[in-house]
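Summary of structural features
This is what each chain is made of:
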Amino acid sequence: AQSVTQLGSHVSVSEGALVLLRCNYSSSVPPYLFWYVQYPNQGLQLLLKYTSAATLVKGINGFEAEFKKSETSFHLTKPSAHMSDAAEYFCAVRDVNNDMRFGAGTRLTVKP
Amino acid sequence: NAGVTQTPKFQVLKTGQSMTLQCAQDMNHEYMSWYRQDPGMGLRLIHYSVGAGITDQGEVPNGYNVSRSTTEDFPLRLLSAAPSQTSVYFCASSSGTGAYTGELFFGEGSRLTVL
């Protein structure tokens, strides 16, 4: 089964700084990759998804992610962090049998 | 816009008790699934269903049963609760069993504590 690995369980940035959350996938076939965000005591919401149409994917709230096959990576970025971005972020891969497999998550803290 | 609805939101059980977590979706989605979320482990797939009458096991199925008698409902049953089943449970659905590029839509979660 395919899997994803998120590097860094906690990331802290200052407001206005670049956000970079790392995700690497293991796949021998083109994967379908997703980033989700979870705010406290809520379910997961889709930020963006990669389905092979374009390597740079733009999502909601100013986030984007770039699919790099040579690095097996799908890192999430945002040029300027906002206090409201504080949340937990999950990278996920959907397998050919429909299973969605999630990374362990990265908790983003934004300092004023 | 109800989406995916889970009940109850909170539940406390004693070891050995049984209970059912309810999940309903109003989007006519064929695919439904249950996850548990534990700190530092992300979400792990318990069971999933690709349509009414069809269910299959995920990564961590032991101690849980599911059934899918209708497209809308996908209940998760804990047969004999154990403290290791203390977790937050999420139900999710998506359209198209063959179109695995689709995203999952999540419920708000059910927080279960087993004493």
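The paragraphs below set out a description of the structure included in this document. (Residues numbered from 1 in each chain as written. Chains lettered and ligands numbered in written order. Predicted model: local features only at pLDDT ≥ 70, side-chain atom pairs only at ≥ 80, totals over all residues. Heavy atoms only, no water.)

**Topic: the overall build of chain B**
Formally: By definition, any uninterrupted DSSP run of H or I lasting at least four residues is a helix, any uninterrupted run of E lasting at least two residues is a strand, and each is numbered from the N terminus. We compute the radius of gyration from the C-alpha atoms alone; for a globule the expected value is 2.2 Å times N to the 0.38, where N is the number of residues. All accessible areas in this document rest on Shrake-Rupley with a 1.4 Å probe, and a residue is counted as covered only by the protein chains that are shown. Residues counted as positive are Lys and Arg, residues counted as negative are Asp and Glu, and His and the chain ends are not counted. The location of each charge is read from NZ of Lys, CZ of Arg, CG of Asp or CD of Glu.
Looking only at helices and strands, chain B has zero helices and eleven strands in total. Listing the helices and strands of chain B from first to last along the sequence gives β-β-β-β-β-β-β-β-β-β-β. Its C-alpha radius of gyration of 13 Å places chain B within 12% of the 13 Å reference for a compact globule of 115 residues. Counting every atom, chain B has about 5,200 Å² of accessible surface; 50% of that belongs to carbon and sulfur. Each charge class in chain B can be summarised by its mean position, and for the 7 positive and 9 negative side chains these summaries are 13 Å apart.

**So, unusual backbone geometry**
Applied cut-off: Relative accessibility under 20% of the residue-type maximum defines a buried residue, over 50% an exposed one, and the middle range a partly exposed one, all with a 1.4 Å probe and only protein chains included.
Omega for the bond connecting Thr7(B) with Pro8(B) falls within 30 degrees of zero, at -10 degrees, which places this linkage in the cis form. Locating Pro8(B) in the fold gives a position in the loop between strand 1 (4-7) and strand 2 (10-13). The backbone of Asn61(A) sits at a positive phi, close to 60 degrees, despite the residue not being glycine. Here Asn61(A) is to be found in the loop between strand 6 (56-58) and strand 7 (64-68). In this structure, Asn28(B) takes a positive phi of about 60 degrees despite not being glycine. According to the relative accessible area criterion, Asn28(B) is exposed, its value standing at 60%.

**Notes on the sheet that holds strand 8 (residues 73-78) of chain A**
All names here are of chain A. The test is simple: Strand pairing is assigned whenever DSSP detects at least two bridges linking the two strands. Structural elements are reduced to axes, namely lines fitted to C-alpha atoms, with helices fitted over the stretch in contact, and the angle between N-to-C directions of any two is expressed from 0 to 180 degrees.
Overall, antiparallel pairing links the five strands, which are arranged 1-3-8-7-6 in an open sheet. The sheet is open, and its two edges are formed by strand 1 (3-7) and strand 6, each paired on a single side. Here the strands of the sheet are splayed against their neighbours by 20 degrees on average, with no regard to which way each runs. Where strand 3 (residues 19-26) meets strand 8, four bridges bridge the pair, whose relative direction is antiparallel. Looking at the pairing, leucine 21 lines up with leucine 76 of strand 8.

**A look at the pairing of strand 11 (residues 106-111) of chain A**
Residue and element names in this part refer to chain A. Covered by surrounding structure in strand 11 are Thr106, Leu108 and Val110 only, the residues Arg107, Thr109 and Lys111 on the alternate face being uncovered. Alignment of strand 2 (residues 10-14) against strand 11, held across five bridges, turns out to be parallel. Residue valine 13 lies in a different strand from strand 11, and its bridge partner there is valine 110. When strand 9 (residues 87-94) meets strand 11, the two strands line up antiparallel, connected through three bridges.

**Section: the pattern of salt bridges**
All names here are of chain A. Heads up, the condition is: Here, a salt bridge means any Lys or Arg side-chain nitrogen found within 4 Å of an Asp or Glu carboxyl oxygen.
Summed over all chains, the structure comprises eight salt bridges over all chains. The shortest N-O distance in the salt bridge between lysine 78 and aspartate 85 comes to 2.8 Å. Residue lysine 78 is classed as buried on the basis of its relative accessible area of 11%. A salt bridge links arginine 107 to glutamate 88; the shortest N-O distance between them is 3.0 Å. Taken together, the residues span a long stretch of sequence, with arginine 107 in strand 11 and glutamate 88 in strand 9 at a distance of 19 residues.

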